[in-house]
Amino acid sequence: METLERPLSNLQLELLKAFSHQLSEEDLVQIKDMLADFFAKKSIESANKVWDEEGLNPEKADELLRTKLRTPF
């Protein structure tokens with residue numbers, strides 16, 4: 001048996017317990033979509049929070065898009 005370098009997360013352990021049986025391909029696709037939607041919503045919520053905290057607006061966003069922020073090497 002292969003030794004893990006990092007322990008499994010609480011989410012990984014719960015998923016292993018919940019899905020210890022075979023799923024149909026259709027169910028598997030639906031669960032993957034559900035997880036993708038969940039993490040996408042979390043990301044959008046986080047981005048919206050930063051947007052509000054930084055007082056950003058469409059004009060500032062456009063300015064950032066035109067700004068070169070790369071560090072010259």
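Everything discussed here concerns the structure shown above.
Residues numbered from 1 in each chain as written. Predicted model: local features only at pLDDT ≥ 70, side-chain atom pairs only at ≥ 80, totals over all residues. Heavy atoms only, no water.

Undergrad: Quick one: what's the story with the overall build of the protein chain, residue by residue and with numbers?
TA: Across its full length, the protein chain holds three helices and zero strands. For the protein chain, the α and β elements follow one another from N to C terminus as α-α-α. Taking the principal axes of its C-alpha atoms as reference, the protein chain extends roughly 50 × 30 × 20 Å. Considering the protein chain as a whole, with its 73 residues, one finds that 1% of them fall into the buried category. Looking at the protein chain as shown, the accessible area adds up to about 7,500 Å², and 57% of this sits on carbon and sulfur atoms. Counting 10 positive and 15 negative side-chain charges, the protein chain places the centres of these two groups 7 Å from one another. (Helix = DSSP H or I, 4+ residues; strand = E, 2+ residues; numbered from the N terminus. Buried < 20%, exposed > 50% of the residue type's maximum accessible area, 1.4 Å probe, protein only. Areas by Shrake-Rupley, 256 points an atom, 1.4 Å probe, with all protein chains shown as cover. Lys, Arg positive; Asp, Glu negative; His and termini not counted. Charge placed at Lys NZ, Arg CZ, Asp CG, Glu CD.)

Undergrad: Provide a residue-level description of a nonpolar patch on the surface, including the pertinent values.
TA: Taken together, the side chains of Leu 11, Leu 15, Phe 19, Phe 38 and Phe 39 make up a nonpolar region of the molecular surface, amounting to roughly 430 Å² of accessible area. Taken together, the elements giving at least two residues each to the nonpolar patch come down to helix H1 (10-18) and helix H2 (25-53). (Patch = residues over 30% accessible without salt bridge, like charges linked within 9 Å, V, L, I, M, F, W, Y side chains within 5 Å. Salt bridge = Lys/Arg side-chain N within 4 Å of Asp/Glu carboxyl O.)

Undergrad: So what's going on with the pattern of salt bridges? Residues and values would help.
TA: Tallied over the entire structure, the rule returns two salt bridges. Residues Lys 17 and Glu 14 are paired through a salt bridge, measuring 3.1 Å at the closest nitrogen-oxygen approach. You can see Lys 17 and its partner Glu 14 sitting in helix H1, three residues apart, about one turn around the helix. Judged by its relative accessible area of 58%, Lys 17 is exposed. Of the charged contacts, one joins Lys 49 and Glu 53 as a salt bridge, the two residues approaching to 4.0 Å between their closest N and O atoms. Placement of the pair is Lys 49 and Glu 53 together in helix H2, with a separation of four residues, close to one helical turn.

Undergrad: So what's going on with the packing of aromatic side chains? Which residues, and what values?
TA: Any pair of aromatic rings gets described here by the distance separating the centres and the angle formed by the planes. With the rule as written, the count across this model stands at one aromatic pair. Both rings, one in Phe 38 and one in Phe 39, keep their centres 5.0 Å apart while their planes meet at 80°; by these two values the pair is edge-to-face. Using a relative accessible area of 44% as the deciding quantity, one classes Phe 39 as partly exposed. (Phe/Tyr/Trp six-rings, centres within 6.5 Å; stacked < 30°, edge-to-face > 60°.)

Undergrad: Give me the lowdown on the environment of Val 50, citing residues and values where you can.
TA: Positionally, Val 50 belongs in helix H2. As for Val 50 and Thr 67, which are separated by 17 residues in sequence, their C-alpha atoms are 19 Å apart.

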